[in-house]
Amino acid sequence: MPALDFDPTQLTRDHVLRALRQLDREGQRMPLSTVYDLVYKGRRYAPRTVARLAWQLACNAPEAKWPLAAGSPTNRVLEQLDFTIATKRPTLENSALDGDVAAQEAMQELYPPKATKAAPAEKLPTSTADTTAQEPTLAYELPSPIPYSREQALQELFITEDKLDATLAALSRRRNLVLQGPPGTGKTFLARRLAWLQLRATDARRVELVQFHPSYSYEDFVQGFRPDAQGTFRLQEGVLLDFCRRASQEPDQPYFLLIDELNRGNLSRIFGELLLLLEADKRGPEHAVRLPYSPAEAPRFYVPANVFFIGTMNLADRSLAPLDYALRRRFAFVEMEPEFGPPLQQHLAQLGVPTAVVQRLVARLTELNRTITDDPELGPDFRIGHSYFCLPPTEPAAAEQWLTLILEQEIAPLLDDYWFDQPAKAAAHKKKLLAK
């Protein structure tokens, strides 16, 4: 039959939904793209196959040919109709692999849909038995960005303006920063606000938080074979690959990967060969490497130049080994200190905490931290941070009990752990801490 003139406005979301329902009803084994998938209601489809069938429905011509190439040309049309196109690996648009649709076995119920703004539910002419056209219900939506300024940061953070400038300079210079210090010194709090300062907004889409732990692995962070809902092992991307792919699509915007408790994981195992790509001068496609789980023909992986890493380290955890020197050379380090001076005192006063309660708090914690610092078996890394006390009750009359409960329920048990082999010493310091 003669080729039909292509008019993209002829193709509607209704046509695509009808095509998806038909593919589900027929249960045909459809090859999935090795680079792109259309994701709908937890299922994945080859975008060009869906577009071709939808075009045939739109033209009412079973033999109509879809005129656009696989990859970006087809994806743009489907995305304009509010469908999600997922990229399996970081791939440059219009590259040689952009249209690769090599056959694979059909797989269903893969990743859950990503949290994006839900399109309004559509009323489609379907039978009572055909209800698959309804939009999926999302569990949450990312909050809209709110402007964030340097003035706001200085009001929220208990650090000096000079230290904030030095920290931002280190992040800009190395692209990899570690905030380290005793527990409760606001490391994660500062990490997120450093990202907001660079973005000039509280943009959750460009800030990702992960937490390392002893069971965290290369397969979780980078790439590996993991079981799906059917118990079949398949190659899946980790947090880093997904994050870098998103960053590569907006090269002019900074992206921040926050790694909480960086030193709780086995870093050599988690990062693997990516230690090389962390270096500030090893970013970009010219430094791309082949990942060990990827097939030979797969695109090489690189860390985009607009990706920044901010890690946090709690130095008081006795169970942790020192950082690998190879990793340490790739990060700048900023020390975080407990702050019981004027910044915290002013903060509590503004929130209505009585002066007597503030004075008791400052005196007890300052004395305790001095004792911990002077203890040869502990030292400054074990001091108590100020974040325990940053959220006082709204009623000033409840402040006294609030402080007493924190000292009894959170600080005192920590002292038992610090001096677990010297119970008399722990008891003596708890008595001083809790004295009225």
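- Under an unreviewed UniProt entry, the name given to the chain is AAA family ATPase, and the source organism is Hymenobacter wooponensis.

1. Thoughts on the packing of aromatic side chains
The geometry of an aromatic ring pair is captured by two quantities: the separation of the ring centres and the angle between the planes.
Then, number 1: Applying the stated criterion across every chain yields a total of 16 aromatic pairs.
Then, number 2: Taken together, a centroid distance of 6.1 Å and an interplanar angle of 65° make the contact between Phe340 and Phe389 edge-to-face. One end of the pair, Phe340, is in the loop between strand S10 (332-335) and helix H12 (342-350); the other, Phe389, is in the loop between helix H13 (355-374) and helix H14 (399-418), with 49 residues separating them in the sequence. Each of the two residues, Phe340 as well as Phe389, counts as buried.

2. Structural notes on the packing of H14 against helix H15 (residues 423-434)
Then, number 1: Two numbers describe how H14 lies on H15: the axes approach to 9 Å, and their chain directions differ by 155°. It follows that H14 is roughly antiparallel to H15 by the angle criterion. In terms of crossing hand, the pair formed by H14 and H15 is right-handed. On H15, the residues that touch Leu407, Glu408, Ile411, Ala412, Leu415 and Asp416 of H14 are Ala426, His429, Lys430, Leu433 and Leu434.
Then, number 2: Residue composition of the contact of H14 with H15, grouped by class: 7 nonpolar, 1 polar and 3 charged.

3. Some points on the environment of Gln155
Then, number 1: Tracing the backbone through its elements, the reader meets Gln155 in helix H4 (residues 150-156).
Then, number 2: Along the primary structure Gln155 and Pro343 are separated by 188 residues, whereas in three dimensions their C-alpha atoms are 8.9 Å apart.

4. Brief notes about the pattern of salt bridges
Then, number 1: Tallying each qualifying case throughout the model produces 18 salt bridges.
Then, number 2: Here Asp37 makes a salt bridge to Arg44, at a shortest N to O gap of 3.1 Å.
Then, number 3: By relative accessible area, which is 0% here, Asp37 ends up buried.
Then, number 4: According to the relative accessible area criterion, Arg44 is buried, its value standing at 9%.
Then, number 5: One network of salt bridges, in which partners are shared, links Glu208, Glu237, Asp242, Arg245 and Arg246.

5. A few points about helix H6 (residues 187-199)
For the α-helix, the turn length of 3.6 residues means that residues three or four positions removed from each other point alike.
Then, number 1: End to end, H6 covers 19 Å across 13 residues, agreeing with the expected 18 Å (1.5 Å per residue, within 8%).
Then, number 2: Among all positions of H6, only Lys187, Leu190, Ala191, Arg193, Leu194, Ala195, Trp196, Leu197 and Leu199 are buried.
Then, number 3: If you follow the buried residues of H6, they end up packed against H4, helix H5 (161-174), strand S4 (176-181), strand S5 (207-211), strand S8 (255-260) and strand S9 (307-314).
Then, number 4: Of the residues trailing H6, Arg200 is marked for its positive phi of about 65°.

Rules behind the numbers
- Residues numbered from 1 in each chain as written.
- Predicted model: local features only at pLDDT ≥ 70, side-chain atom pairs only at ≥ 80, totals over all residues.
- Heavy atoms only, no water.
- Phe/Tyr/Trp six-rings, centres within 6.5 Å; stacked < 30°, edge-to-face > 60°.
- Helix = DSSP H or I, 4+ residues; strand = E, 2+ residues; numbered from the N terminus.
- Buried < 20%, exposed > 50% of the residue type's maximum accessible area, 1.4 Å probe, protein only.
- Axes fitted to C-alpha atoms, helices over the stretch in contact; angles between N-to-C directions.
- Parallel < 35°, antiparallel > 145°, perpendicular 65-115°, else oblique.
- Left-handed = near helix turned anticlockwise from the far one by under 90°.
- Contact = heavy atoms within 4.5 Å.
- Nonpolar A, V, L, I, M, F, W, Y, C, P; charged D, E, K, R; others polar.
- Salt bridge = Lys/Arg side-chain N within 4 Å of Asp/Glu carboxyl O.
- Expected span 1.5 Å × (residues − 1).

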